[in-house]
Amino acid sequence: MIFLTVGTQFPFDRLIKAVDEAVGCDGEEVFAQIGMSSYEPLNFRAVVSLDKDQFDRYFREASGIIGHAGMGTISLALEWNKPLLVLPRRKKYGEVVNDHQVGIAQKFEELGHLLAAYEAEDLRKKMRGLSQFVPRSRQTQSEAVAGRIAAFLREVPQIG
Amino acid sequence: MTDIHGNRLKIALVASSGGHLSQLLKLRDAWQGHDVFYIVTTDVVKEKLGADKRVYVSGECNRQNIFRVANVFLRSARAIRCERPDVVLSTGAAVGCLSCFVGKWFGARVVWVDSITNVNRMSLSGRMVRYITDLCLVQWPSLAQKYKRAEYVGNII
């Protein structure tokens, strides 16, 4: 089963519609959390929101994840080593205030962490490869960054 | 509890819900031993942070709605005016930017960590706030070359 999540804050009808059309043709099993989106999928089951435990369970048990290119979705997929396909939200469709999701999708696609479709028409093709996709795990340096900040804080005098 | 220099600071930790906050929380080792409080954008993340934390909720905003920006500004300003932090540390977005300016006004040091999602240039908030930062970190090496005040140590997510 593929788990489609678009977050609960902002709608993302373009993605749900694209997945719906792909499922209509290829018949993959999909379950979705669609939040504020108004498009109602015909070909798979969808709920408005899930609580955290349910969300985690669907996420963990899915063979693949489809979502927007938000850092929340991306880092969760990497954490659980899940194949992830993203469709970046775009400014030109009024989905977000700038195109930063395109930048991060391109970069992480290049690094082998995820699959990306940049327009809705490309989604169906990319979806076919999703379950077989093996994401490259990501090395981070959060300890070094925290250490840099801690070192800075040691030099800060108290105001009070 | 104090750090090895006996220097216990009050630190405002500021982030919007979602990716900004998850990046901030990856840095928790940085503020061990200091007195911290949070400014976040939604009530739901209070639970994520834990009941024992001091949390102020500013509401959400983006640059397209000036009234919401004003509301977030007032709420974060109120939190900072009451708490008088020594340092404001933020991973973005708008609420972080606004809080950094307010904090600076009240004499705090400002630490900005630009979100990893900004690959080709710093976020709008980051570009505005970088002039008043005391430490400005970016998560891609190319950005540290592009912006004079920005420093690259590594990525946090």
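Residues numbered from 1 in each chain as written. Chains lettered and ligands numbered in written order. Predicted model: local features only at pLDDT ≥ 70, side-chain atom pairs only at ≥ 80, totals over all residues.

(A) Examining the overall build of chain B more closely. Scanning chain B for helices and strands turns up six helices and seven strands. Listing every helix and strand of chain B by position from the N terminus yields β-α-β-α-β-α-β-α-β-α-β-α-β. Relative to a compact globule of 157 residues, whose C-alpha radius of gyration would be 15 Å, chain B shows 15 Å and is just as compact. Each principal axis of the C-alpha distribution contributes one length, and for chain B these read about 45 × 40 × 30 Å. Looking at the 157 residues of chain B, the share that counts as buried comes to 46%. (Helix = DSSP H or I, 4+ residues; strand = E, 2+ residues; numbered from the N terminus. Rg over C-alpha atoms; globule rule 2.2 N^0.38 Å. Buried ≥ 20, exposed ≤ 12 C-beta atoms within 10 Å, placed from the backbone.)

(B) Inspection of the interface of chain B and chain A at higher detail. Taken together, the contact between chain B and chain A spans 35 residues of the former and 26 residues of the latter. Of all the secondary-structure elements, those providing two or more residues to the side of chain B that touches chain A are α1 (19-25), β5 (109-113) and β6 (135-138) of chain B. Residues of the side of chain B that touches chain A, tallied by class, amount to 13 nonpolar, 15 polar and seven charged. (Contact = placed C-beta atoms within 7 Å. Nonpolar A, V, L, I, M, F, W, Y, C, P; charged D, E, K, R; others polar.)

(C) Looking closely at the sheet that holds β5(B). Read across the open sheet, the seven strands follow the order β3-β2-β1-β4-β5-β6-β7 (chain B); overall the sheet is parallel. The sheet is open, and its two borders are formed by β3 (55-57) and β7 (150-152) of chain B, each paired with just one other strand. Direction aside, neighbouring strands of the sheet carry axes that sit 20° apart on average. Where β6(B) meets β7(B), three bridges bridge the pair, whose relative direction is parallel. Its bridge partner being in β7(B), Val138(B) is matched across the sheet by Tyr152(B). Sheet contacts for helix α6 (residues 142-154) of chain A: β4 (87-92), β5 and β6 of chain B; angle to β6(B), the most-contacted strand, approximately 175°. (Pairing = 2+ DSSP bridges. Axes fitted to C-alpha atoms, helices over the stretch in contact; angles between N-to-C directions.)

(D) Representation of the environment of Val36(B) within the structure. Residues and elements named next belong to chain B. With respect to the helices and strands, the residue Val36 is situated in strand β2 (residues 35-40). For Val36, a count of 19 C-beta atoms within 10 Å gives the class partly exposed. Along the chain, Val36 and Leu9 lie 27 residues apart, while their C-alpha atoms are 8.1 Å from each other. Discounting residues that sit within four places of it in the chain, Val36 has contacts with Ile11, Leu13 and Trp31.

(E) Spotlight on unusual backbone geometry. In this model, Gly92(B) is joined to Ala93(B) through a cis peptide bond whose omega is 0°. Structurally, Ala93(B) can be placed in the loop between β4 and α4 (94-105). A positive phi angle, close to 55°, is found at Asn81(A), a residue other than glycine. Considering the arrangement of structural elements, one finds Asn81(A) in the loop between α3 (71-79) and β5 (84-86).

(F) Fine view of the environment of Ala69(A). Residues and elements named next belong to chain A. Take Ala69: it is sitting in the loop between β4 (64-67) and α3. When the C-alpha atoms of Ala69 and Asp56 are compared, they prove to be 18 Å apart, with 13 residues separating the residues in sequence. Ala69 has contacts with Ile74, Val86, Pro88, Gln101, Ile104, Ala105 and Ala116, leaving out every residue within four places of it along the chain.

(G) Up close: the pairing of strand β2 (residues 30-33) of chain A. Residue and element names in this part refer to chain A. Pairing of strand β1 (residues 2-5) with β2 involves four bridges; the strand directions are parallel. Opposite Leu4, over in β2, you have Ala32 as the bridge partner. In this region the chain leaves β1, passes through helix α1 (residues 13-26) and returns to the parallel neighbour β2; the handedness of that crossover is right-handed. (Right-handed = clockwise from strand over helix to strand, strands pointing away.)

(H) Structural view of the packing of helix α3 (residues 66-83) of chain B against α4(B). Residue and element names in this part refer to chain B. Direction vectors running N to C along α3 and α4 enclose 45°, while the axes themselves pass 9 Å from each other. When the axes of α3 and α4 are compared, the pair comes out oblique. By crossing handedness, the relation of α3 to α4 is classed as right-handed. Across from Val69, Val72, Phe73, Ser76, Ala77 and Ile80 in α3, the residues of α4 making contact are Ala94, Val95, Leu98, Ser99, Val102 and Gly103. Looking at side-chain class alone, the contact of α3 with α4 contains nine nonpolar, three polar and no charged residues. (Parallel < 35°, antiparallel > 145°, perpendicular 65-115°, else oblique. Left-handed = near helix turned anticlockwise from the far one by under 90°.)

(I) The pairing of β1(A), seen in detail. Residue and element names in this part refer to chain A. Every second residue of β1 is oriented toward a common face, with Ile2 and Leu4 on one face and Phe3 and Thr5 on the other, all of them buried. Sheet topology note: the β1/β4 ladder contains four bridges and is parallel. Looking at the pairing, Phe3 lines up with Ile65 of β4.

(J) Focus on α1(A). Residues and elements named next belong to chain A. Relative to the 20 Å expected for 14 residues at 1.5 Å per residue, α1 spans 20 Å between its end C-alpha atoms, a close match to the ideal helical length. Those residues of α1 that sit buried are Arg14, Leu15, Ile16, Ala18, Val19, Asp20, Ala22 and Val23. In this structure, the buried side of α1 is in contact with β1, β2, β4 and α5 (123-128). Gly27 lies just past α1 and shows a positive phi near 65°. (Expected span 1.5 Å × (residues − 1).)

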